[in-house]
Amino acid sequence: MGKTIKMIGQINRLVFFVILAFNVYYSANLKLPMNPVLNKGGPWKYLTIWNLVLQTMYWGLVNIGQFMESKKTRKIGYLDIFFHSIILPLSMIVTFTFWAIYSLNPELILPKVIRPFFPEWHNQSIHTLVLIGPLIEAICTSHKIPTRKQGLKVFLFLLVTYLVNMHYFGFVHGNFIYPFLNQMAYPYKLVFFVFMGIMSLGFYFLSEKFHHSVAKIK
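Residues numbered from 1 in each chain as written. Predicted model: local features only at pLDDT ≥ 70, side-chain atom pairs only at ≥ 80, totals over all residues. Heavy atoms only, no water.

1. Quick look at the overall build of the protein
Inference 1: Each helix and strand counted, the protein has nine helices and zero strands in total.
Inference 2: Sequence-ordered secondary structure for the protein, helices as α and strands as β, is α-α-α-α-α-α-α-α-α.
Inference 3: Taken over C-alpha atoms, the radius of gyration comes to 18 Å for the protein, in line with the 17 Å a tight globule of 218 residues would show.
Inference 4: Seen through its C-alpha atoms, the protein measures out along the principal axes to roughly 55 × 35 × 30 Å.
Inference 5: Counting the 218 residues in the protein, one finds 42% classified as buried. (Helix = DSSP H or I, 4+ residues; strand = E, 2+ residues; numbered from the N terminus. Rg over C-alpha atoms; globule rule 2.2 N^0.38 Å. Buried < 20%, exposed > 50% of the residue type's maximum accessible area, 1.4 Å probe, protein only.)

Written out as structure tokens, the structure is:
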């Protein structure tokens, strides 16, 4: 049973690297319609794409690492911290927030003007599959889980970096990267950012609890 689960984990890593690497390639070659909000920074300014690129990097590195790993030297490493602090919680944030907002009003998160450029397979890959892969990884692979202090430092650094990215486009280029933010007065934006920060921390703690839970049954 242990060997079967390990094999599933190895296949999962390879399959998701191929799938997400192709989606990175597709995103890099995406030709969006001329629009001041869409064209500044291209697709690389969105959290979805950050998650896509980070996951592709992770899957690539672990595929290399699993062939070089030595049981004698196995200890908590950068890939364990990378997975626990970024990959698992960020995939939850991207998937749940995208589909929650999309269910309320698709125009807020995926405007009609760009939907023809996002075929369903691409949309599902970058907003749904990106959660499935990390969940399988957590279940099938034994990671050395970092302390909460270590994990939160990395996660909060990513969160603050993305917040700076959003405000850069909002104040320097005059348009926030998500259309609905441009329609909000700044006090409401502040409430939104505080809410998103609290929600993101909630997802971090949820992913942490899940990771610890599956680690106990291995």
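2. A closer look at the packing of helix 6 (residues 120-140) against helix 9 (residues 186-216)
Inference 1: Remark: helix 6 packs on helix 9, axes separated minimally by 8 Å, with the N-to-C direction vectors making an angle of 35 degrees. Within the contact between the two elements, helix 6 uses L135, A138 and I139 and helix 9 uses F210, H211 and V214.
Inference 2: Taken together, the residues that form the contact of helix 6 with helix 9 break down as five nonpolar, one polar and no charged. (Axes fitted to C-alpha atoms, helices over the stretch in contact; angles between N-to-C directions. Contact = heavy atoms within 4.5 Å. Nonpolar A, V, L, I, M, F, W, Y, C, P; charged D, E, K, R; others polar.)

3. Comments concerning helix 1 (residues 2-28)
Inference 1: Between its terminal C-alpha atoms helix 1 stretches 39 Å, which fits the 39 Å expected from 27 residues at 1.5 Å a residue.
Inference 2: Residues G9, N12, R13, F16, L20, N23 and S27 constitute the buried set of helix 1. (Expected span 1.5 Å × (residues − 1).)

4. Brief notes about the pattern of salt bridges
Inference 1: A full pass over the atoms with the stated rule returns three salt bridges.
Inference 2: For E137, the salt bridge is made with R13, and the minimal N-O distance between the two is 2.9 Å. Taken together, the positions of E137 in helix 6 and R13 in helix 1 put the pair 124 residues apart, joining distant regions of the chain. In terms of burial, E137 and R13 fall into one category: buried.
Inference 3: The residue R115 makes a salt bridge to E107 at a minimum N-O spacing of 3.2 Å.
Inference 4: Judged by relative accessible area, E107 falls into the partly exposed class, the value being 35%. (Salt bridge = Lys/Arg side-chain N within 4 Å of Asp/Glu carboxyl O.)

5. Structural notes on the confidence of the model for the protein
Parts of the prediction with low pLDDT should not have their coordinates interpreted in detail.
Inference 1: Summarising the model, the protein shows a mean pLDDT of 87, and 90% of its residues fall at 70 or more.
Inference 2: The low-confidence segment residues 70-75, where pLDDT is below 50, has seven contacts with residues more than four positions distant or belonging to other chains. (pLDDT = per-residue confidence, 0-100.)

6. Concerning the packing of helix 4 (residues 78-104) against helix 9
Inference 1: Across the interface, helix 4 lies against helix 9 with an axial gap of 9 Å and an inter-helix angle of 120 degrees. On the basis of their axis angle, the class for helix 4 and helix 9 is oblique. Every pair of crossing elements has a handedness; the one defined by helix 4 and helix 9 is right-handed. Side by side, helix 4 and helix 9 meet where F83, H84, S85, L88, P89, M92, I93, F96 and T97 of the first sit next to M196, M199, S200, F203, Y204, L206, S207, E208, F210 and H211 of the second.
Inference 2: Classifying every residue of the contact of helix 4 with helix 9 by side-chain character gives 12 nonpolar, six polar and one charged. (Parallel < 35°, antiparallel > 145°, perpendicular 65-115°, else oblique. Left-handed = near helix turned anticlockwise from the far one by under 90°.)

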